[in-house]
Amino acid sequence: MIRSMTAFGTARVDLDAGTLVLELRSVNSRYLDLHFRLPDELRHAETPLRELLTANLGRGKVEVRASFTRSAGAELTKLDPAWLQHLATQLAAARQILPDIEAPRLAELFNWPGQRSNEALDPQVWTAACLQAGKEALAQLQEGRAREGQRLADIMLACADDVEKIVELVNTHLPQLLADHREKLSNKLREAMESAFPAGFSHISGAELTERLAQESNLFALRIDVAEELGRLSSHLDELRHLLGGKAGSSNNAAQAKSGKASAQTRPTGSAGKRLDFLFQEMNREANTLGSKAGSMEVTRAAMDLKLLIEQMREQAQNIE
């Protein structure tokens, strides 16, 4: 499944001792990069949360935020009178200098960092709560990644269809383009020979003339025949659709049907984003070669359009896990 690296997930767990809220925010990154923003009381939950995320995520910069609120009813009888008296003394001393200072509210006293009578959070209870919230938030995150990934895949598949149309168009015109260039080459060779040997070819052996013509023809074939590049682009399109879960090209389907192995084919494992990035590099290389061999404005325009479409797909793939 194609997944985006941008998503958000959140979960809440209610306990007798209080309420825990955990959030996961994910954005693009070349690797899996985890950042934890946990209160000191929940630091013991960082390791199991890290193991949970590492086992389920491949790439992305993920920020983990957690906060908790103690239940006021559970802590009501645990306020330390001696601590409250000490706090009142400090408040009275402060009011001698700043008379407008307000007294703390009851809810603030329950969560006061220096509240001596508050018992420490039970590590087992709160770690289990963090893991429960982490799993629920992770499920939300994965669902969001999958939805966004499908949208990105649809965009890239639409671009792939446009690339295929351009390749088919160049393939359709290729015989005529080759014929036109052969005629141009023939005229240039005739003009060059007549200019170099105005007296005719009587003093040149047939073997020498044949070799010279063969050299020029081979040079022409290397410069102008782009069938190999078009074939590789078609192959890359089949692989692209395979990675994105789209319908493979007709040539790929025919080959699979002939071999009887279509049902056995599975999508490659590993990072789809990295595979796509490499594939677009190869496709861009073929488009560059096509442009360098272009012998007509039609092929030049086709090469430019191909590079634009490949770049659009590459930009979308930057967000794929």
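Scroll up for the structure.
Residues numbered from 1 in each chain as written. Predicted model: local features only at pLDDT ≥ 70, side-chain atom pairs only at ≥ 80, totals over all residues. Heavy atoms only, no water.

A short note on the environment of E148
Turning to step 1, where the next piece is worked out: Its place among the elements puts E148 in helix α5 (residues 123–196).
Turning to step 2, where the next piece is worked out: Taking C-alpha positions, E148 is 8.0 Å from A7, a pair spaced 141 residues apart along the chain. (Helix = DSSP H or I, 4+ residues; strand = E, 2+ residues; numbered from the N terminus.)

Let's talk about the sheet that holds strand β4 (residues 60–70)
Backbone hydrogen bonds hold the strands of a sheet together, and the pairing may be parallel or antiparallel.
Turning to step 1, where the next piece is worked out: Spatially, β1-β2-β4-β3 is the arrangement adopted by the 4 strands of the open sheet, whose pairing is mixed. The outermost strands of the open sheet, each flanked by one partner alone, are β1 (7–14) and β3 (32–37). Adjacent strand axes in the sheet meet at a mean angle of 15 degrees, parallel and antiparallel pairs treated alike.
Turning to step 2, where the next piece is worked out: Taken strand by strand, helix α1 (residues 46–56) contacts β2 (18–27), β3 and β4, and its axis lies near 150 degrees from that of β3. (Pairing = 2+ DSSP bridges. Axes fitted to C-alpha atoms, helices over the stretch in contact; angles between N-to-C directions. Contact = heavy atoms within 4.5 Å.)

Section: helix α7 (residues 227–244)
Turning to step 1, where the next piece is worked out: Relative to the 26 Å expected for 18 residues at 1.5 Å per residue, α7 spans 26 Å between its end C-alpha atoms, a close match to the ideal helical length.
Turning to step 2, where the next piece is worked out: Count one or two residues on from α7 and you reach G245, which has phi positive near 80 degrees. (Expected span 1.5 Å × (residues − 1).)

Considering the nonpolar core
The nonpolar side chains of a soluble globular protein tend to be buried with one another.
Turning to step 1, where the next piece is worked out: By size, the foremost hydrophobic cluster in this structure holds 36 residues, and its most contacted members are M156, L240, L276, F280, M283 and M313.
Turning to step 2, where the next piece is worked out: Those elements giving two or more residues to this core turn out to be α5, α7, α9 (272–293) and α10 (297–317).
Turning to step 3, where the next piece is worked out: In terms of nonpolar packing, the next biggest core, distinct from the first, is built from 26 residues, L20, L42, L49 and A137 among them. (Core = buried A, V, L, I, M, F, W, Y, C linked by side-chain atoms within 4.5 Å. Buried < 20%, exposed > 50% of the residue type's maximum accessible area, 1.4 Å probe, protein only.)

Here's the deal with the pattern of salt bridges
Turning to step 1, where the next piece is worked out: One pass over the full model with this rule turns up 14 salt bridges.
Turning to step 2, where the next piece is worked out: Close ionic contact of D14 with R12 constitutes a salt bridge, the shortest N to O distance being 3.0 Å.
Turning to step 3, where the next piece is worked out: With a relative accessible area of 52%, D14 lands in the exposed category.
Turning to step 4, where the next piece is worked out: With relative accessibility at 55%, the residue R12 sits in the exposed group.
Turning to step 5, where the next piece is worked out: For R241, the salt bridge is made with E164, and the minimal N-O distance between the two is 2.9 Å. Of the two residues, R241 sits in helix α7 while E164 sits in helix α5, which places them 77 residues apart along the sequence.
Turning to step 6, where the next piece is worked out: When its relative accessible area of 24% is taken as the criterion, E164 is described as partly exposed.
Turning to step 7, where the next piece is worked out: One continuous salt-bridge network, built from bridges that share partners, spans E228, E229, R232 and E286. (Salt bridge = Lys/Arg side-chain N within 4 Å of Asp/Glu carboxyl O.)

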